[in-house]
Amino acid sequence: MRLTTFTDYSLRVLMYLAADPDRRATVAEICAAFDVKANHLTKVVHYLGRQGWVSTVRGKGGGLTLARLPEAIRLGDVVRETEAPDLPAECFSSRGRPCAIVGQCRLKGVLAEAVEAFYAVLDGYTLADITANRQGLAQLLRLPAATGLAA
């Protein structure tokens, strides 16, 4: 399964914020850290805020922070919410052409099981699990307080 760019950026924003959860970050600094365009990231941040994963404060001294503890953000939930419906093949769509072998094909069941397994693995991890190396992430992302972070 291939994740969309929107999901990729959502995970990156959450990881960036989790690398130093005690400070506010800006969209501009996250864009610079990952070399992505602000218009894409602004949409992602807005969505993450609507979902309750990110808090935003406007104005001078404003910025973004995690709205939940990293331990409370399951990767499976983020991917489920940011990805389009799970349609690994045309036979999953009600809008596609009818399949000639639909009555005898077992592929749909196998693919459904694979998607379920994919999410089962992601559900086993939280944002805290993938950002346990906060100091290393902060240094790579050039966060201002990277040298003072605890591991």
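Provided above is the structure to which this section pertains.
Report on the accompanying structure. (Residues numbered from 1 in each chain as written. Predicted model: local features only at pLDDT ≥ 70, side-chain atom pairs only at ≥ 80, totals over all residues. Heavy atoms only, no water.)

## Brief notes about the pairing of strand β1 (residues 54-57)
Of the pairings in the sheet, the one linking β1 to strand β2 (residues 63-66) comprises 4 bridges and is antiparallel in character. Following the sheet pairing, Thr56 is matched in β2 by Leu64. In this antiparallel pair of consecutive strands, β1 and β2, the connection spans 5 residues, and Gly59 shows a positive phi of 90°. (Pairing = 2+ DSSP bridges. Helix = DSSP H or I, 4+ residues; strand = E, 2+ residues; numbered from the N terminus.)

## Thoughts on the packing of helix α4 (residues 75-82) against helix α5 (residues 107-123)
The interhelical angle for the contact between α4 and α5, taken along N-to-C directions, is 135°, at an axis separation of 6 Å. With respect to each other, α4 and α5 are oriented oblique. Between α4 and α5, the contacting residues are Leu75, Gly76, Asp77, Val79 and Arg80 on the first element and Phe118, Tyr119, Leu122 and Asp123 on the second. In terms of residue class, the contact of α4 with α5 is built from 5 nonpolar, 1 polar and 3 charged. (Axes fitted to C-alpha atoms, helices over the stretch in contact; angles between N-to-C directions. Parallel < 35°, antiparallel > 145°, perpendicular 65-115°, else oblique. Contact = heavy atoms within 4.5 Å. Nonpolar A, V, L, I, M, F, W, Y, C, P; charged D, E, K, R; others polar.)

## Describing helix α3 (residues 38-50)
Under the 1.5 Å per step criterion, the end-to-end length of α3 is 18 Å for 13 residues, consistent within 8% with the ideal 18 Å. Every buried residue of α3 is accounted for by Leu41, Val44, Val45, Tyr47 and Leu48. Looking down the long axis of α3, one finds its buried residues gathered within 160° of arc, a one-sided arrangement. Opposite its buried face, α3 presents the exposed residues Lys43, His46 and Arg50, each directed more than 90 degrees away. Where α3 is buried, its residues contact α1 (5-19), α2 (27-34), β1, β2 and α4. (Expected span 1.5 Å × (residues − 1). Buried < 20%, exposed > 50% of the residue type's maximum accessible area, 1.4 Å probe, protein only. Arc of directions from axis to C-beta.)

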